[in-house]
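So you can see what is in the structure, the chains are spelled out below.
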Amino acid sequence: MFKLFLLASIYIFALGKNDKVQIATIQFKVIQNGDSDRRYIWLHGDEQTARMALESHMKKNQGKAFLVEGILRESEFYGGIIDPNRIFSSLGAKANIQKYNPRWTRKEKEERLLTIDKDRKIFFKKIFPKNGELLIALHNNYKGYNINKELGRSDAKSVKNNQNPRDFFICTNRSDFEILSQSPFNVVLQEESPKKDDGSLSWAAIRNDIRYINIETRLGWLSQQKKMLNYIEKNLR
Ligand SMILES: [Zn+2]
């Protein structure tokens, strides 16, 4: 009887709503609400405004959200660290391992790169939506980064006079861009892969033909990020 009970609990646990997924040592908590195939991801643990906006959004809206574990920008990685938004191509991951863990031996670097390379396809299967739904990433920025830094690699832009340049959307689909350019918010379209792939999720989304939107706001501007999320919810199908 006890065994049966134990088995049942393990089964329930495995099917639990709050599963985890991981790529190499980097873990993500999963929040699912309803059956919608819309996906959300939060990648940088120090960008707490984005986490709050996403967790609050998931209470009222359908979809599946992936939230990185930890509170630092870089994730723990085999005793070293790595930027979770630089592992989505082999070249990007390789450069990132080198940048943060220069003292590792060549063999350590190679083996650890191999684990990311092996896990990446499975991870993409879990986080990429099917049937043309959206993948929405949420980020926050500090002083320095703003929409002007993205204009050079963008295919179209809509920059509003009354909006802070540090709050903007980056999207990869032209129809989404056309709708977002009618919004009160700044937006750029990036539909081509860059020559030098840095391993960020946006370029992986382009390569895999995924509709992707990054909602970028100043750290601490929670209401602004919530407004931008709601605008997508109301206007993009
Ligand atoms: Zn970020």
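Residues numbered from 1 in each chain as written. Predicted model: local features only at pLDDT ≥ 70, side-chain atom pairs only at ≥ 80, totals over all residues. Heavy atoms only, no water.

**A look at the nonpolar core**
Core analysis: the biggest nonpolar cluster contains 57 residues, and Phe 28, Ile 41 and Leu 201 have the highest contact counts within it. When sequence neighbours within four positions are dropped, the list of residues in contact with Leu 201 reads Ile 41, Leu 43, Asn 85, Phe 88, Phe 124, Ile 127, Phe 128, Leu 135 and Tyr 212. (Core = buried A, V, L, I, M, F, W, Y, C linked by side-chain atoms within 4.5 Å. Buried < 20%, exposed > 50% of the residue type's maximum accessible area, 1.4 Å probe, protein only. Contact = heavy atoms within 4.5 Å.)

**Some thoughts on the environment of Asn 140**
Along the chain, Asn 140 turns up in strand β7 (residues 134-141). Taking the C-alpha atoms as reference points, Asn 140 and Phe 177, separated by 37 residues in sequence, lie 20 Å from one another. Here Asn 140 is in contact with Glu 47, Gln 48, Thr 49, Ala 50, Glu 216, Thr 217, Arg 218, Leu 219 and Gln 225, once residues within four sequence places are set aside. There is a polar contact of 2.9 Å between the side chain of Asn 140 and the side chain of Gln 225. (Helix = DSSP H or I, 4+ residues; strand = E, 2+ residues; numbered from the N terminus. Polar contact = N/O pair within 3.5 Å; in protein donor to acceptor, adjacent residues only side chain to side chain.)

**A few points about the packing of helix α3 (residues 90-100) against helix α4 (residues 106-127)**
Two elements in contact, α3 and α4, have axes separated by 10 Å at closest approach and are oriented at 145 degrees. You can see that α3 and α4 cross each other, and the crossing is right-handed. Taking contact as the criterion, the partners of Ser 90, Ala 93, Lys 94, Ile 97 and Gln 98 in α3 are, on α4, Lys 109, Arg 112, Leu 113, Ile 116, Asp 117 and Arg 120. Taken together, the residues of the contact of α3 with α4 break down into four nonpolar, two polar and five charged. (Axes fitted to C-alpha atoms, helices over the stretch in contact; angles between N-to-C directions. Left-handed = near helix turned anticlockwise from the far one by under 90°. Nonpolar A, V, L, I, M, F, W, Y, C, P; charged D, E, K, R; others polar.)

**Let's talk about helix α2 (residues 48-60)**
In a regular helix each residue adds 1.5 Å, so 13 residues correspond to 18 Å; α2 covers 19 Å between its end C-alpha atoms and thus fits that length. What α2 keeps buried is the set Thr 49, Ala 50, Ala 53, Leu 54, Ser 56, His 57 and Met 58. (Expected span 1.5 Å × (residues − 1).)

**Brief notes about α4**
Here α4 spans 31 Å end to end across 22 residues, near enough to the 32 Å set by a 1.5 Å rise per residue. Where α4 bends most, the angle comes to about 35 degrees, and this point is Arg 120. Within α4, the full set of buried residues consists of Lys 109, Arg 112, Leu 113, Ile 116, Arg 120, Phe 123, Phe 124 and Ile 127. (Bend = angle between axes of the 7 residues up to and from the residue.)

**Observations concerning the coordination of the zinc ion**
His 44 (ND1), Glu 47 (OE), Glu 47 (OE) and His 139 (ND1) make up the full set of protein donors to the zinc ion, lying at 2.0 to 2.4 Å. Here the zinc ion binds four donor atoms, and the angle range of 55 to 145 degrees at the metal identifies the geometry as irregular. Considered as a linear motif, the donors of the zinc ion on their single chain read H-x2-E-x91-H. A residue pair is termed long-range when its members are at least 10 positions apart, and Glu 47 in the loop between β3 (39-42) and α2 and His 139 in strand β7 qualify at 92 residues. The same class applies to Glu 47 as to His 139, namely buried. (Donors = N, O, S within 2.8 Å, 3.2 Å for Na, K, Ca; no water. Tetrahedral: all angles 85-135°; square planar, octahedral: opposite > 155°, others 65-115°.)

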